[in-house]
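# Structure assessment
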Amino acid sequence: MGDLMKVAAAQLRPVWLDKRATAAKVIDTIHAAAADGVELLAFSETYLAGYPFWICRTNGAAFEDPRQQRAYAQYLEAAVEIDSPLLADIAAAARDCKVAVWLGMSERGRKAGRGSVYCTLVTILPDKGIVGAHRKLMPTHDERLCWGMGDAKDLRAHDFGDWRVGGLNCWENLMPLARAALYAEGEDLHVNVWPGNPEVSSDCPRVVAIEGRVWSLAVSGLMSIEDVADDFEFKKDLVEAGVGTIFRGGSRIVDPQGNTVVRAEDGVEGIISYEISLAAVRAARMSFDPTGHYARDDVFRLSVERRRAGVE
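Computed from a predicted model, the values in this text were never measured in an experiment.

## Overview of the overall build of the protein chain
Helix and strand counts for the protein chain come out as eight helices and 14 strands. Here the protein chain has a C-alpha radius of gyration of 19 Å; the compact-globule value for 312 residues is 20 Å, and the two agree. Here the protein chain holds 312 residues, and 56% of them are scored as buried. For the protein chain, the share of sequence-separated contacts (at least 6 apart) that also reach a separation of at least 24 residues comes to 73%. Within the structure as shown, the protein chain displays about 13200 Å² of accessible surface, and the carbon and sulfur contribution to it stands at 51%.

Shown next as structure tokens:
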């Protein structure tokens, strides 16, 4: 790796709310990607161990509803703590395969916050292990009934060889200052992770690429009602309501000029990959560098509070 790096998006179905089986699938995918020469691999939002899709389909805002409480308890039990042996096993696979991993996960607090879940994007480097766990700054709409608000403690770009790579969760990618914070970290590649519908994630990856003059790696997941275990609190209700396909994908890789160079087929599991170059980033910045010669730091100031908000 140097000027060139092969990156990939894993557009996959989770084993929903089964964190052990999903972690095993992550490890298998790392090995498969490495065999194809991939050096950096990204998974969708909360891939481990699942997105809280039921809330908007089952009156999730019903206050103190016993069934919603039982569903949340199941979701909380499936969430993964940062010091979990499951993450350690994934980090070991990344080390052995020499693959950097950006992994979306539902994170449970470790100490006082063990009753809370966060939407977290974990960064794992082959030689350093887990170097970042960025909690989504603001859950979107019904997600606020399930996820706590995050912070900018790990809102950073990370060095991987000659590259600097950062990432955001879903509609965080629409937050101008969150994007600017990563551009200001010297980002060359921006990882944007989504739960999985192309209608939601089609435009933003291009905006990020054009605005930041970065490569934009967008990864979306797949899911249908068949991926939900029968013992989930609302499984029967959802089936009776006719819920079928939940997420259809939409993964793509976009160059620093905003051109989609590869796109996953909707509804199809697999890994899409592309060899990206730093030369393309440099060329795109001749006319525009958002935090360099086009920044006007005599006019604008960006301040980021990088402490952990709330509890661990």
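## A closer look at the packing of aromatic side chains
Applying the stated criterion across every chain, the model contains 11 aromatic pairs. Here the aromatic rings of Tyr51 and Trp147 are separated by 5.6 Å at their centres, their planes lie at 85°, and the arrangement is edge-to-face. Taken together, the positions of Tyr51 in the loop between strand E2 (40-43) and helix H2 (66-78) and Trp147 in the loop between strand E5 (129-135) and strand E6 (158-160) put the pair 96 residues apart, joining distant regions of the chain. By the burial criterion, Tyr51 is buried, and Trp147 matches it. Judged by centre distance (5.3 Å) and plane angle (65°), the rings of Trp54 and Phe232 are edge-to-face. With Trp54 in the loop between E2 and H2 and Phe232 in the loop between strand E10 (222-224) and helix H7 (235-240), this pair connects stretches of sequence that are 178 residues apart. Neither residue differs from the other here; Trp54 and Phe232 are each classed as buried. Among the aromatic residues, ring-to-ring pairing joins Trp16, Phe53, Trp54, Tyr75, Phe232 and Phe234 into one connected group. The ring of Tyr118 is capped by Arg135, whose NZ or CZ atom sits 3.8 Å from the centre of that ring.

## Let's talk about the layout of surface pockets
Taken as a whole, the largest pocket spans an internal volume of roughly 420 Å³. When residues in the lining of the largest pocket are grouped by element, the largest group, five residues, is from helix H4 (residues 176-183). Among the residues forming the lining of the largest pocket, the class breakdown is 10 nonpolar, one polar and five charged. Within this model, the second largest pocket holds a volume of roughly 350 Å³. Every residue lining the second largest pocket is counted, 17 residues in all, and those nearest its centre are Tyr51, Glu143, Pro195, Val200 and Phe247. For the lining of the second largest pocket, the per-class residue count stands at 10 nonpolar, four polar and three charged.

## Looking at the pairing of strand E13 (residues 260-263)
Inspection of the sheet shows strand E12 (residues 252-254) paired to E13 by three bridges, in the antiparallel sense. If you follow Arg252 over to E13, its bridge partner there is Arg263. What sits between E12 and E13 in their antiparallel hairpin is a turn of five residues, with Gly258 showing a positive phi close to 95°.

## Description of the sheet that holds strand E14 (residues 270-277)
Taken in spatial order, the six strands of this open sheet run E5-E4-E3-E2-E1-E14, and their pairing is mixed. Here the strands that pair on one side only, and so sit at the sheet edges, are E5 and E14. Within the sheet, the average angular offset between the axes of one strand and its neighbour, ignoring direction, is 25°. One ladder, built from eight bridges, connects strand E3 (residues 100-108) with strand E4 (residues 117-125); its direction is antiparallel. Along E4, the bridge assignment pairs Ser106 with Cys119. In the packing of helix H1 (residues 19-35) onto the sheet, contacts are made with strand E1 (4-11), E2, E3 and E14, and the angle to E2 comes to roughly 150°. Of the strands in this sheet, E3, E4 and E5 are in contact with helix H3 (residues 85-97), which crosses E3 at around 175°.

## Description of the side chain of Asn169
Locating Asn169 in the fold gives a position in strand E7 (residues 163-169). Under the relative-accessibility criterion, Asn169 is labelled buried at 0%. Ignoring anything within four residues of it in the chain, the contact list for Asn169 reads Glu45, Cys119, Thr120, Leu121, His134, Lys136 and Val193.

Calculation notes
Residues numbered from 1 in each chain as written. Predicted model: local features only at pLDDT ≥ 70, side-chain atom pairs only at ≥ 80, totals over all residues. Heavy atoms only, no water. Helix = DSSP H or I, 4+ residues; strand = E, 2+ residues; numbered from the N terminus. Rg over C-alpha atoms; globule rule 2.2 N^0.38 Å. Buried < 20%, exposed > 50% of the residue type's maximum accessible area, 1.4 Å probe, protein only. Contact = heavy atoms within 4.5 Å. Areas by Shrake-Rupley, 256 points an atom, 1.4 Å probe, with all protein chains shown as cover. Phe/Tyr/Trp six-rings, centres within 6.5 Å; stacked < 30°, edge-to-face > 60°. Lys NZ or Arg CZ within 6 Å of the ring centre and 35° of its normal. 1 Å grid on protein atoms, 1.4 Å probe; cavity = no way out; pocket = protein on both sides within 12 Å on 5 of 7 lines; lining within 4 Å. Points joined across faces, edges and corners; volume = space filled by probe spheres on them. Nonpolar A, V, L, I, M, F, W, Y, C, P; charged D, E, K, R; others polar. Pairing = 2+ DSSP bridges. Axes fitted to C-alpha atoms, helices over the stretch in contact; angles between N-to-C directions.

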